[in-house]
Amino acid sequence: MILLDTVRLAWGSVRGARLRAVLSLLGIAIGVASVVLLTSIGEGARRFVQQEFLQFGGNVLQVSPGKVETIGVPGVVGGSTHKLTLADARTLRRIEGVTGVAPNVFGQARVESGERGRSVYVLGTTRDAREMWRIELAQGSFLPEGEERGSVAVLGSRLARELFPSGDGLGSFVRVAGWRLRVIGIAAPRGQLLGWDFDDVAYVPVATALACFDRDELHEIDVSFRHVALAGEIVSAIRARLIERHDGREDFTILTQSAMLEMIDDVLLALTVGIAALGSVSLAVGAVGVLTILWISVGERTQEIGLCRALGARTADIAVIFLAEAAALATLGGAAGLALGLGVAAVIEAAWPALDLAPRPEFVLAALATSALVGLLAGVLPALRAARLDPVEALRSE
Amino acid sequence: MIELVGIRRSYALGGETIHALDGIDERIESGEHVAVMGPSGSGKSTLLNVIGCLDRPTAGSYRLDGREVAGLSDAELARIRRREIGHVFQAFHLVPRMSALENVELGMLFDSIPPRQRRERALAALASVGMGPRAGHRPGELSGGERQRAAIARAVVTRPRVLLADEPTGNLDQTSGRAVLELLDGLHAAGFTVVIVTHDPGVARRAQRVLLMRNGRIVRRMPASELRTLDEALAGAAP
């Protein structure tokens, strides 16, 4: 048979039973639509996180306690034998090319002013953090230069507003875990970044925070350096310096900005693929729909199959006709699903412009290819059933 | 030329073996017009199916124009059905969603005949049975006689040597039936070998020869002109 004739025959059969065709391709359409929509959401989230991260620039790295070789999450495997301390952080300042060091410790604490109080994240750090995290100030100044300890605090904009509704926070005193600290600065509104609310936070000198939380160990040290091209060199220098301080053991993890991005990218990509896999479950359901409808169709068209055999069709011709029908149904379903998915994505974006839904062409193509493949596979059993029919019995059937 | 020697067709039914054809020896010459008659279950349709390569004999030899076909593969039998045999059925067997023209073209699809040539031949075949003006109509829009004429056009469009008709007038009124029989007569006159299965002596009498069947065997061969009724003819047959 000529390929075009096979396609025409399949198309004719699909058109001949429109309602049935629509019902059978609905499952495939919903499957493709959900894959397109869910992966668009996943890709949108990935891009959003990337953009958030990139605002810090590429010349910042993070040193965390604990050595991790595999999944990049410090402290999960192994664990530190040496703590990361303020002394470690001071050592790193002396490395050539390093422009800033922010030893950090953080924890949840209640920040109070008179009768008003609020439980927020308190972040112990140094002045260098301002540059690294691009913190803008609305009033006052950030933590003082060179001071690791001091009875001062810088409040995030919302925290300041909650504690001092009349706007007289600057110069006032707050209590943090029993410590009395003077407000020397109020940050400009910033919003959230990866779940961290920059507006509902209190910055205090790192040694003060350690005392507040009764700790002698840092959570991390952030290091900024002159240029992103120096990353490798700086990482080597930090590693050498800390190994020397930690009795020859590399019990810490250095994560550059690009490695962090890569890691987050991997996680989000895995999430997107997972979502796509979930969506493809509905493709499988759609395939069962195609199989069922075609199975019934073979039963109903038994005489037609017998006729085709009488007119000289080979068993292979009959199988190909039904496979082509399955492929036609699946392709139509895939196209409808693609249109539906992109349409819903466009509607969602129009309704919530903040959501950047980004359909990934490779996922779209994969969904379409999978739908066609799934349709073909779904057509195999009905096609074999049709091909194996005895022509005489088929012609005689009611 | 059709040569059948010792043809048997048996099948199992409920643990019992049924001999639908029980040793058929027959020779039908090219261009002959033969009617097959017999009571229900005598094996007429099975014989037609074997001749039409729709069914395979359990035993025996079937030679079509000197070529043994009993042991051919599915693809080879399909090729013979496409090119050398035309089928006309009592129930017409037209595909309802296709027009008369598309129905006539259907068999040629399986022979990979190019679309233009296919269309020309189908239109010519429909015109030859007086169905040219109805080419674009679907079976549901045609009368019984018109459907059977379209089915005959489909059977002859590939110019087969043999035309097999199983009760071609069984579903038609007298007028339509007569028109269909006249068509078959015309095709015989044009050189087709026509084998027709019928219960109707009036139909059988239009043939040259009548084969009478009973219990899977040909029990009598007679000139069609001598046929009066089936019962009478069978009464004179071998037991």
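Provided above is the structure to which this section pertains.
Residues numbered from 1 in each chain as written. Chains lettered and ligands numbered in written order. Predicted model: local features only at pLDDT ≥ 70, side-chain atom pairs only at ≥ 80, totals over all residues. Heavy atoms only, no water.

Novice: Please provide a residue-by-residue account of the pattern of salt bridges, values included.
Specialist: Where charged atoms of side chains with opposite charge meet at close range, the side chains can pair. Residue and element names in this part refer to chain A. The full count for this structure, using the stated rule, is 36 salt bridges over all chains. A salt bridge links Arg158 to Asp197; its shortest N-O distance comes to 2.4 Å. Placement of the pair is Arg158 in helix α5 (residues 157-163) and Asp197 in strand β9 (residues 196-197), with a sequence separation of 39 residues. Take Arg158: its relative accessible area is 27%, and that puts it in the partly exposed class. (Salt bridge = Lys/Arg side-chain N within 4 Å of Asp/Glu carboxyl O. Helix = DSSP H or I, 4+ residues; strand = E, 2+ residues; numbered from the N terminus. Buried < 20%, exposed > 50% of the residue type's maximum accessible area, 1.4 Å probe, protein only.)

Novice: Lay out the environment of Val290 of chain A with the relevant residues and their values.
Specialist: Residue and element names in this part refer to chain A. Along the polypeptide, Val290 turns up in helix α8 (residues 257-300). Taking the C-alpha atoms as reference, Val290 lies 9.3 Å from Leu376; in sequence the two are 86 residues apart. If we skip the residues at most four places from it in the chain, Val290 touches Ser24, Ile28, Ala326, Leu329, Gly375 and Ala378. (Contact = heavy atoms within 4.5 Å.)

Novice: Report on the sheet that holds strand β1 (residues 2-13) of chain B, specifying residues and quantitative values.
Specialist: Residue and element names in this part refer to chain B. Read across the open sheet, the four strands follow the order β2-β1-β4-β5; overall the sheet is antiparallel. The strands lining the two open edges of the sheet, one partner per strand, are β2 (16-28) and β5 (67-68). Pairing between β1 and β2: 10 bridges, direction antiparallel. When the bridges of β2 are listed, Leu4 appears paired with Glu26. Sitting on the sheet, helix α1 (residues 44-51) is in contact with β1, β2 and β4 (59-64), with an inclination near 60° to β2. (Pairing = 2+ DSSP bridges. Axes fitted to C-alpha atoms, helices over the stretch in contact; angles between N-to-C directions.)

Novice: Provide a residue-level description of the environment of Ala354 of chain A, including the pertinent values.
Specialist: The topology assignment puts Ala354 of chain A in the loop between α10 (315-351) and α11 (361-387). For Ala354 of chain A and Phe48 of chain A, which are 306 residues apart along the polypeptide, the C-alpha to C-alpha distance reads 9.9 Å.

Novice: If you had to explain the interface of chain B and chain A to someone new, which residues and values would you point to?
Specialist: Each partner contributes residues to the interface: chain B has 24 residues there, and chain A has 26 residues. Buried surface at the junction of chain B and chain A, both sides included, amounts to about 2,200 Å², of which 62% is carbon and sulfur. Among the residues of chain B in contact with chain A, His93, Arg97 and Phe110 of chain B are the three that bury the most area, contributing 31% of the side total. Counting across the chain B and chain A interface gives three salt bridges. Here Arg118 of chain B and Asp5 of chain A are joined by a salt bridge, their closest N and O atoms 2.6 Å apart. Scanning the region where chain B abuts chain A turns up 10 residue pairs in polar contact (both at pLDDT 80 or more). At the level of secondary structure, the elements contributing two or more residues to the side of chain B that touches chain A comprise α2 (74-83), α3 (100-109) and α4 (115-128) of chain B. Per-element tally for the side of chain B that touches chain A: the top contributor is α2 of chain B, with five residues. Partitioning the side of chain B that touches chain A into residue classes produces 12 nonpolar, five polar and seven charged. (Buried area = accessible area lost by both parts, 1.4 Å probe. Polar contact = N/O pair within 3.5 Å; in protein donor to acceptor, adjacent residues only side chain to side chain. Nonpolar A, V, L, I, M, F, W, Y, C, P; charged D, E, K, R; others polar.)

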